[in-house]
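Given next are the chains, with one letter for each unit.
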Amino acid sequence: PTLDRLNELSPIVLYGEQGTGKTALAITLAVRWSRHSKARPLCFSSGQAFAKSFASAVEIDDVSSFRQKHRNARLLVLDDIESIIKSSISQGELAATLDTLKEEEAPVIVATSKLPASYQGISDSLASRLSGGLSICLNRPDSLTRDAMLEALGSDCPVSASAIADLCSRLN
């Protein structure tokens, strides 16, 4: 049911400190949505790759190919958008891409370390577009939750309780 509504929740912004699983969750959500909806193509990009590819496209006068790749995607995943924030021209391109994808009802999932509007130097237009959907803060699980997760995972494979306890102690 939620997969059917992904475009209504878009853009989905997953934010939190490094190591909380934002990228893994974004990719998993994208793949499950694609399998469920049978929609393709998907476009996965880091913020750095987006900004560099756009700068290269401008330099060689081939912006249309860049736009075709990103704007014709049935779902776009952007990871670590900080590099885009550093370039006003990349911010403008991303804002226009988000507008196109919204018109096409193509979901966007963004993984980042903090809420986009809190970045120094983000344009108002990009901040408002990225704030228009569902934002979810991901936190590291506490030790009890982590222990329970590892124990549940261990029930599916032959790992001793002492090995699980040892692993949990190393994660704290």
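See the structure printed just above.
Below: a short report on this structure. (Residues numbered from 1 in each chain as written. Predicted model: local features only at pLDDT ≥ 70, side-chain atom pairs only at ≥ 80, totals over all residues. Heavy atoms only, no water.)

## Let's talk about the sheet that holds strand 5 (residues 135-137)
As a general point, the strands of a sheet are linked pairwise by backbone hydrogen bonds and lie either parallel or antiparallel. The five strands lie next to each other as 2-3-4-1-5, forming an open sheet whose pairing is parallel. Either end of the sheet is taken by a strand with one partner, and the two such strands are strand 2 (42-46) and strand 5. This sheet shows a mean twist of 15° between the axes of neighbouring strands, independent of strand direction. In this sheet, strand 5 lies alongside strand 1 (residues 12-15) in parallel orientation, the contact comprising three bridges. Along strand 5, the bridge assignment pairs L14 with I136. (Pairing = 2+ DSSP bridges. Helix = DSSP H or I, 4+ residues; strand = E, 2+ residues; numbered from the N terminus. Axes fitted to C-alpha atoms, helices over the stretch in contact; angles between N-to-C directions.)

## Let's talk about the nonpolar core
Counting 26 residues, the largest nonpolar core has L78, I81, L94, V110, I122, L126 and L130 as the members making the most contacts within it. The biggest single contributor to this core is helix 6 (residues 88-103), with four residues. Residues within four places of L130 in sequence aside, it is in contact with P11, V13, I81, L98, V110, P116 and I122. In terms of nonpolar packing, the next biggest core, distinct from the first, is built from twelve residues, L6, L14, W33 and L75 among them. (Core = buried A, V, L, I, M, F, W, Y, C linked by side-chain atoms within 4.5 Å. Buried < 20%, exposed > 50% of the residue type's maximum accessible area, 1.4 Å probe, protein only. Contact = heavy atoms within 4.5 Å.)

## What to know about the packing of helix 4 (residues 63-71) against helix 6
Here helix 4 crosses helix 6 at 45°, and the two axes come no closer than 10 Å. Judged by the inter-axis angle, helix 4 sits oblique to helix 6. Between helix 4 and helix 6 the crossing geometry is right-handed. Of helix 6, the residues touching helix 4 (which contributes F66, R67, H70 and R71) are E93, A96, T97, T100 and L101. Its residues placed into classes, the contact of helix 4 with helix 6 shows three nonpolar, three polar and three charged. (Parallel < 35°, antiparallel > 145°, perpendicular 65-115°, else oblique. Left-handed = near helix turned anticlockwise from the far one by under 90°. Nonpolar A, V, L, I, M, F, W, Y, C, P; charged D, E, K, R; others polar.)

## Focus: the pattern of salt bridges
With the rule as written, the count across this model stands at five salt bridges. Ionic pairing is found between E8 and R5, a salt bridge with its closest N-O pair at 3.1 Å. Since its relative accessible area comes to 53%, E8 is described here as exposed. Assessed through its relative accessible area of 42%, R5 is described here as partly exposed. Salt bridges linked by common partners bring R67, R71 and E93 together as one network. (Salt bridge = Lys/Arg side-chain N within 4 Å of Asp/Glu carboxyl O.)

## Comments concerning the environment of S53
The topology assignment puts S53 in helix 3 (residues 47-59). In this structure S53 comes out as partly exposed when scored by relative accessible area, which is 34%. For the pair formed by S53 and F66, sequence separation is 13 residues and the distance between their alpha carbons is 7.3 Å.

## With respect to the pairing of strand 2
Put simply, side chains in a regular strand alternate between the two faces of the sheet. Where burial is concerned, the two faces of strand 2 differ: the one with C43 and S45 is buried and the one with L42, F44 and S46 is not. When strand 2 meets strand 3 (residues 75-79), the two strands line up parallel, connected through five bridges. Bridging from a neighbouring strand, F44 pairs with V77 of strand 3.

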